[in-house]
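Structure at a glance
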Amino acid sequence: MTELPALIAAFTTMFIIMDPPGLAPVFIALTQGMTAAQRRIIAIRACVVSAALMLLFLFLGEAVLGFIGISMDAFRIAGGVLLFLTALDMLFQKRQARREENAAEGQAEHHDDPSVFPLALPLIVGPGAITTIILLAGQADHAADFAAIAGVLLAVLLITLLAFLAAPAIERALGKTGLNIVTRVLGMLLAALAVQFILDGLRGFGIGG
């Protein structure tokens, strides 16, 4: 996992799953009416909480799977299927609608501070992100591999934080049509990555070479 191609693949997967450009308008909706300083605090807090959750799943996720008797190859196949369904949602614009629905619920329940729910969980660290983190952890053999994956996760979170801070400008620059195009392109890439996870899992069981 310390090789550049593997790191690029891990970064691409996490970036597509978390989709910082797609989170920007949701962040705006959740922080509507707040000052720039309040928005900045909420953005930072959401990313800090997300970082803690991601590192928790990175270091303990595979141990939990082993405890309940699920092999990494079986999880790769199941994770690939889940990510493929997420890709379909992105391609058919269902994902953003669901995010906006979660945002509306979170705004109603936690009007003053949406940083933990729904921003950190489930918008930033959702089922797809958790699945991907555990899959990446399954490819790590040494402490350096885990450190490299943690670096990738924090890099994507930093981009997410920057997207939150620049949310109004991103929304104005891309517009609704631009965001739809970006989401669909990322959905296509995620579908291909999901198929690759499934193929890797099948190969682990000796199917398909």
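Use the structure listed above.
Comments concerning the packing of aromatic side chains
Enumeration according to the criterion identifies three aromatic pairs in this entry. Between F11 and F15 the ring centres are 6.1 Å apart and the planes differ by 20°, which places this aromatic pair in the stacked class. Placement of the pair is F11 and F15 together in helix α1 (residues 4-18), with a separation of four residues, close to one helical turn.

Quick word on the environment of F57
Among the secondary structure elements, F57 is positioned in helix α3 (residues 36-67). Residues F57 and E3, 54 residues apart in the sequence, show an inter-C-alpha distance of 22 Å. In this view, F57 contacts I130, I133 and I134; residues no more than four positions away in its chain are not counted.

A few points about the pattern of salt bridges
Tallying each qualifying case throughout the model produces three salt bridges. Here D113 ties to R45 by a salt bridge, and the two come within 2.9 Å at their closest N and O atoms. Of this pair, D113 sits in the loop between α5 (94-109) and α6 (115-124) while R45 sits in helix α3, and the two are 68 residues apart along the sequence. Residue classification places D113 among the partly exposed residues on the basis of a relative accessible area of 29%. Notably, a salt bridge pairs D200 with R203, separated by 2.6 Å at the nearest N-O pair. You can see D200 and its partner R203 sitting in helix α9 (residues 167-204), three residues apart, about one turn around the helix. Residue R203 is classed as partly exposed on the basis of its relative accessible area of 36%.

Quick notes on the packing of helix α4 (residues 72-91) against α9
Contact geometry of α4 with α9 gives a least axis separation of 7 Å together with a crossing angle of 165°. Judged by the inter-axis angle, α4 sits roughly antiparallel to α9. Judged by the sense of rotation from one axis to the other, the crossing of α4 with α9 is left-handed. Across the contact of α4 with α9, the residue classes break down as 16 nonpolar, six polar and four charged.

As for unusual backbone geometry
Cis rather than trans, the peptide bond between F117 and P118 has omega equal to 5°. The topology assignment puts P118 in helix α6. Along the chain, L121 connects to P122 via a cis peptide bond; the corresponding omega equals 15°. Locating P122 in the fold gives a position in helix α6. For D19, which is not glycine, the phi torsion reads 55° and is therefore positive.

Some remarks on the side chain of T31
You can see T31 is positioned in the loop between α2 (20-30) and α3. Under the relative-accessibility criterion, T31 is labelled buried at 0%. Beyond its immediate stretch of four places on either side in the chain, T31 contacts R39 and I42.

Examining α2
The element α2 is extensively covered by neighbouring structure, given that ten of its eleven residues are classed as buried. When we look at burial in α2, the residues that qualify are P20, P21, G22, L23, A24, P25, V26, F27, I28 and L30.

Rules used in this analysis
Residues numbered from 1 in each chain as written. Predicted model: local features only at pLDDT ≥ 70, side-chain atom pairs only at ≥ 80, totals over all residues. Heavy atoms only, no water. Phe/Tyr/Trp six-rings, centres within 6.5 Å; stacked < 30°, edge-to-face > 60°. Helix = DSSP H or I, 4+ residues; strand = E, 2+ residues; numbered from the N terminus. Contact = heavy atoms within 4.5 Å. Salt bridge = Lys/Arg side-chain N within 4 Å of Asp/Glu carboxyl O. Buried < 20%, exposed > 50% of the residue type's maximum accessible area, 1.4 Å probe, protein only. Axes fitted to C-alpha atoms, helices over the stretch in contact; angles between N-to-C directions. Parallel < 35°, antiparallel > 145°, perpendicular 65-115°, else oblique. Left-handed = near helix turned anticlockwise from the far one by under 90°. Nonpolar A, V, L, I, M, F, W, Y, C, P; charged D, E, K, R; others polar.

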